[in-house]
Amino acid sequence: MEILNTASKKILVIQTAFIGDTVLTLPFLQKLKEENDGYLIDVVTTVKTASIFEASPSVNDVILLNKTNEHKSIFSLMKFGKELQKNNYSKVYTPHRSLRSALLTLFTNVRETYGFDNSEFPYVFKNLIHYIYRSHEVERLFAFLENGDEYDLKSIKPELKYSDEVKNKVSNIFNKFDKEKTKIVFAPGTEWFTKQYPVHHLIDVIKKCTDKNNVCILIGSEKEKELCKQIISQIPSGCFNLSGELSIIETICLLEKVDLLVTNDSAPTHFGMSADIPVLTIYCSTQPGFGFYPYNGKSKFLSFDQLTCKPCGIHGYRSCPLLHFDCGEKLSPQTVFDLIEVMLNGG
């Protein structure tokens, strides 16, 4: 695909991280657009996250990078960078800290480049931004901006635009639920086992919610369908499985219509921020201090912290390194349900 953009003033943002990180990049893009009036902003990203940037009102064009195939080698990355040079970018911002992203920045041959000081190859950036581990990720990205320290985190949510097709599909689904009942969405899955609240505990939480006559809705990707089937098979009534049925953008559109989202420390937390609804994030092996907590004023989180082994890693593991998984098991379903009740009552 030929990369060509004829506008006179352009900025490139290279962000090829996980889905959740992509959503958290949106407030940065919104403020970057405001601070650079008259510029067009293009984004280099992956197929998995392209739809998020395509739905952002701040993004002009989305350019796909195939890290595992077409653009895997250094030679192909150099060729990709030369194609990007045709767009005559004035600035390049690279919040993604990988070696590949840094090298691609170098290959664009743009003078004004910005990257974090803990990038795997920071030497390519003219402007290095200090990465503050204890800040929220959105605040870390605001540090790239001229007026970033003046922005109020809680007042800036990720913005997305929805097509009529997306809105109609979501409305048709939502109209099937009882309009008078409270709707609670649960996102039970995650890439990492140690970030996932134990299924048997979550089933108990959902049962308590349906016993209170709430509508419970399960969401997730196609590969989380079986997990959601397992959960819903244990719930007598009042629980619906939408896993594998909605795209990322459709999921966020749906969330705008519900009363509460309950999720692990995973991408749906940030979907809830974009929808600007109350989010309860459950932390098992990780912790809010890593900077990926739900940050609007309506949201809360739970974390069992009375453990010397927690956190055991920033991304989690396929299994508990100590084989007990106390960070998940010791966070009781009653504790989770009690906070759900508080949040539903505006607390």
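The structure this text deals with has already been given above.
Residues numbered from 1 in each chain as written. Predicted model: local features only at pLDDT ≥ 70, side-chain atom pairs only at ≥ 80, totals over all residues. Heavy atoms only, no water.

Topic: the sheet that holds strand β2 (residues 40-45)
Part 1 of the argument: With respect to topology, 6 strands assemble into an open sheet ordered β3-β2-β1-β4-β5-β6, the strand pairing being parallel. Pairing within the sheet leaves two strands with one partner each, and these edge strands are β3 (61-64) and β6 (127-129). Across the sheet, the mean angle from the axis of one strand to that of its neighbour is 20 degrees, orientation sign disregarded.
Part 2 of the argument: Sheet contacts for helix α1 (residues 19-35): β1 (10-14), β2 and β4 (91-94); angle to β2, the most-contacted strand, approximately 155 degrees.
Part 3 of the argument: Its contacts with the sheet place helix α3 (residues 74-85) against β1, β2 and β3, and it is angled at close to 160 degrees to β3. (Pairing = 2+ DSSP bridges. Helix = DSSP H or I, 4+ residues; strand = E, 2+ residues; numbered from the N terminus. Axes fitted to C-alpha atoms, helices over the stretch in contact; angles between N-to-C directions. Contact = heavy atoms within 4.5 Å.)

Concerning the pairing of strand β5 (residues 112-116)
Part 1 of the argument: Counting buried positions along β5 gives 4 out of 5 residues, so the element sits mostly inside the fold.
Part 2 of the argument: Relative to β5, β4 is paired through 4 bridges, and the arrangement is parallel. Among the inter-strand pairings, Tyr93 is bridged to a residue of β5, identified as Tyr114.
Part 3 of the argument: The parallel pair β4 and β5, bridged by helix α4 (residues 99-107), forms a crossover whose chirality is right-handed. (Buried < 20%, exposed > 50% of the residue type's maximum accessible area, 1.4 Å probe, protein only. Right-handed = clockwise from strand over helix to strand, strands pointing away.)

A few points about the side chain of Thr269
Part 1 of the argument: Of note, Thr269 is situated in helix α10 (residues 267-275).
Part 2 of the argument: At a separation of 2.9 Å, a polar atom in the side chain of Thr269 contacts the side chain of Thr281.
Part 3 of the argument: With residues up to four places along the chain from it excluded, the contact list for Thr269 reads Thr263, Asn264, Val279, Thr281, Phe292, Tyr293 and Pro294. (Polar contact = N/O pair within 3.5 Å; in protein donor to acceptor, adjacent residues only side chain to side chain.)

Some thoughts on helix α8 (residues 225-232)
Within an α-helix, residues lying three or four positions from one another point in the same direction, as the helix has 3.6 residues per turn.
Part 1 of the argument: Taken residue by residue, α8 has Leu227, Cys228 and Ile231 as its buried positions. An end-on view of α8 places all buried positions within 95 degrees of arc, on one side of the element.
Part 2 of the argument: Contacts from the buried residues of α8 go to α7 (199-211), β8 (215-218) and β9 (239-241). (Arc of directions from axis to C-beta.)

Remarks on the pairing of strand β11 (residues 279-283)
Part 1 of the argument: Across the 5 residues of β11, 5 count as buried, placing the element largely inside the fold.
Part 2 of the argument: Where burial is concerned, the two faces of β11 agree: the one with Val279, Thr281 and Tyr283 and the one with Leu280 and Ile282 are both buried.
Part 3 of the argument: Direction of pairing for strand β10 (residues 260-264) relative to β11: parallel, over a ladder of 4 bridges. Paired with Val262 across the bridge in β11 is Leu280.
Part 4 of the argument: Read as a crossover between parallel neighbours, the route from β10 over α10 to β11 is right-handed.
Part 5 of the argument: As judged from the 4 bridges shared by β11 and strand β12 (residues 300-303), these two strands associate in the parallel manner. Pairing of Ile282 across the sheet is with Leu302, part of β12.

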